[in-house]
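Read off the chains here:
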Amino acid sequence: MGILSSSSASDRKKMIFLLLWLISGIGMIVVGIMAVVNRKMAVSAISGFLGVCALITGVITLIVRITQVKRLGRSSIGFDILIWLALGILLLNTGLLNKLGKLAFIIGGVILACEGVRAFIACQKNKDEKEWYVPRMIFSAAFIVLGIIVIVNAERIFTNLTALAVGIYFIIHGTELLYEWIGRAKHFYNFRDTE
């Protein structure tokens, strides 16, 4: 507490802000790694926590951007804030998230299967092209099977991919926060040394 007591009020605020920034960066990386490593748990057990983290990140980023617009004259606040807020709302409502994701993957599986059927029909119409007949049959069968697999396992595929994507996003954003934190901390302590 010696550093805090010997610092001015504005310096104390900056130090607390830097400490919170550091904690949020490290926390995001840890949560992201947890989501990537244990994807099933990430969606069921900590999806609410991830949602709260995403909402807090969106709100903090919005506050920082508003101050940057006022002080630095930036022209826009940024689109990534909407992504954080939407991600937070979806993660808090896991049932809706799973239904939308499952529906999207079912539609994708149907499209794959239909493409396989279309390729099969085209292959049957062009039987006289002997050199392309077998590759086209393999292609059509692969697409039909892949489409059926995606339709049957839509929810599981979506759950794993969502947790993986959210985990990677948290790790990347936490790393960016730490990178920015290093620059701000250096600037703050260099500025204090010159006073």
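The present account deals with the structure reproduced in this document. In every chain, residue numbers begin from 1 and rise along the written sequence. Reporting of local features is limited, given that this is a predicted model, to residues whose pLDDT is at least 70; pairs of side-chain atoms are given and counted only at 80 or more, and all residues count toward the totals for whole chains, interfaces and linings. The basis for the side-chain values is all heavy atoms of the structure; hydrogens and waters are excluded.

### A look at the overall build of the chain
Inference 1: In this text, helices come from DSSP runs of H or I with a minimum length of four residues, and strands from runs of E with a minimum of two, each type numbered from the N-terminal end. Secondary structure assignment for the chain yields eight helices and zero strands.
Inference 2: Overall, the chain shows an N-to-C arrangement of helices and strands of α-α-α-α-α-α-α-α.
Inference 3: The rule is simple: take the accessible area with a 1.4 Å probe, protein chains only, and divide by the maximum for that residue type; under 20% is buried, over 50% is exposed, in between is partly exposed. Each of the 195 residues in the chain was classed as buried or not, and the buried ones make up 28%.
Inference 4: A fraction of 73% describes how many contacts in the chain between residues 6 or more apart in sequence connect residues 24 or more apart.
Inference 5: Here, Shrake-Rupley sampling with a 1.4 Å probe gives the accessible areas, and only protein chains in the shown set may cover a residue. Accessible surface, the chain as shown: approximately 12,500 Å² in total, 72% of it carbon and sulfur. Note on contacts: a residue pair qualifies if any of its non-hydrogen atoms lie within 4.5 Å across the two residues.

### Overview of the nonpolar core
Inference 1: Here, the term nonpolar core denotes a set of buried Ala, Val, Leu, Ile, Met, Phe, Trp, Tyr and Cys residues that are joined through side-chain atoms within 4.5 Å. Membership of the largest hydrophobic core comes to 15 residues, with the highest contact counts inside it found for Leu 50, Trp 84, Leu 87, Leu 91, Val 166 and Phe 170.
Inference 2: Sorting the residues of this core by element identifies helix 2 (9-37), helix 4 (47-72), helix 5 (80-92) and helix 8 (154-194) as the ones contributing at least two each.
Inference 3: When sequence neighbours within four positions are dropped, the list of residues in contact with Phe 170 reads Met 28, Ile 29, Val 31, Gly 32, Leu 50, Cys 53, Ala 54, Trp 84 and Leu 87.

### Brief notes about the pattern of salt bridges
Inference 1: Take a side-chain nitrogen of Lys or Arg and a carboxyl oxygen of Asp or Glu: if they are within 4 Å of each other, that pair is a salt bridge. Taken as a whole, this structure holds two salt bridges when the rule is applied.
Inference 2: The partner of Glu 155 in a salt bridge is Lys 102, with the nearest N and O atoms 3.9 Å apart. With a gap of 53 residues between them, Glu 155 in helix 8 and Lys 102 in helix 6 (residues 94-125) connect regions that are remote in the sequence.
Inference 3: Judged by its relative accessible area of 37%, Glu 155 is partly exposed.

### Examining helix 7 (residues 130-152)
Inference 1: In a helix, the anticipated span is given by 1.5 Å times the number of residues less one. Taking 1.5 Å per residue as the helical rise, helix 7 with its 23 residues ought to reach 33 Å, and the 34 Å between its terminal C-alpha atoms agrees with that figure.
Inference 2: If you check which residues of helix 7 are buried, you get Ser 140, Gly 147 and Val 150.

### Looking at the side chain of Ser 140
Inference 1: By the secondary structure assignment, Ser 140 is in helix 7.
Inference 2: In this structure the side chain of Ser 140 is engaged in a polar contact, spanning 2.9 Å, whose partner is the backbone oxygen of Met 137.
Inference 3: The contact partners of Ser 140, leaving out residues within four places of it in the chain, are Gly 116, Ala 119 and Phe 120. Any pair of nitrogen or oxygen atoms within 3.5 Å is treated as a polar contact; in protein, a donor-acceptor pairing is required on top of that, and neighbouring residues in sequence qualify only through side-chain atoms on both sides.

### Some points on the packing of helix 6 against helix 7
Inference 1: Interaxial angles span 0 to 180 degrees and are taken between N-to-C directions of axes, which are lines fitted to C-alpha atoms, for helices over the stretch in contact. Where helix 6 contacts helix 7, the axes come no closer than 7 Å and their chain directions differ by 160 degrees. When the interaxial angle is binned, helix 6 and helix 7 end up roughly antiparallel. Between helix 6 and helix 7 the crossing geometry is left-handed.
Inference 2: We call Asp, Glu, Lys and Arg charged. Ala, Val, Leu, Ile, Met, Phe, Trp, Tyr, Cys and Pro are nonpolar, and the rest, Gly among them, are polar. Its residues assigned to classes, the contact of helix 6 with helix 7 comprises 17 nonpolar, five polar and two charged. Roughly parallel refers to an angle under 35 degrees, roughly antiparallel to one over 145, roughly perpendicular to one between 65 and 115, and oblique to any angle outside these ranges. Left-handed describes a crossing in which the near helix is turned anticlockwise from the far one by less than a right angle; the clockwise case is right-handed.

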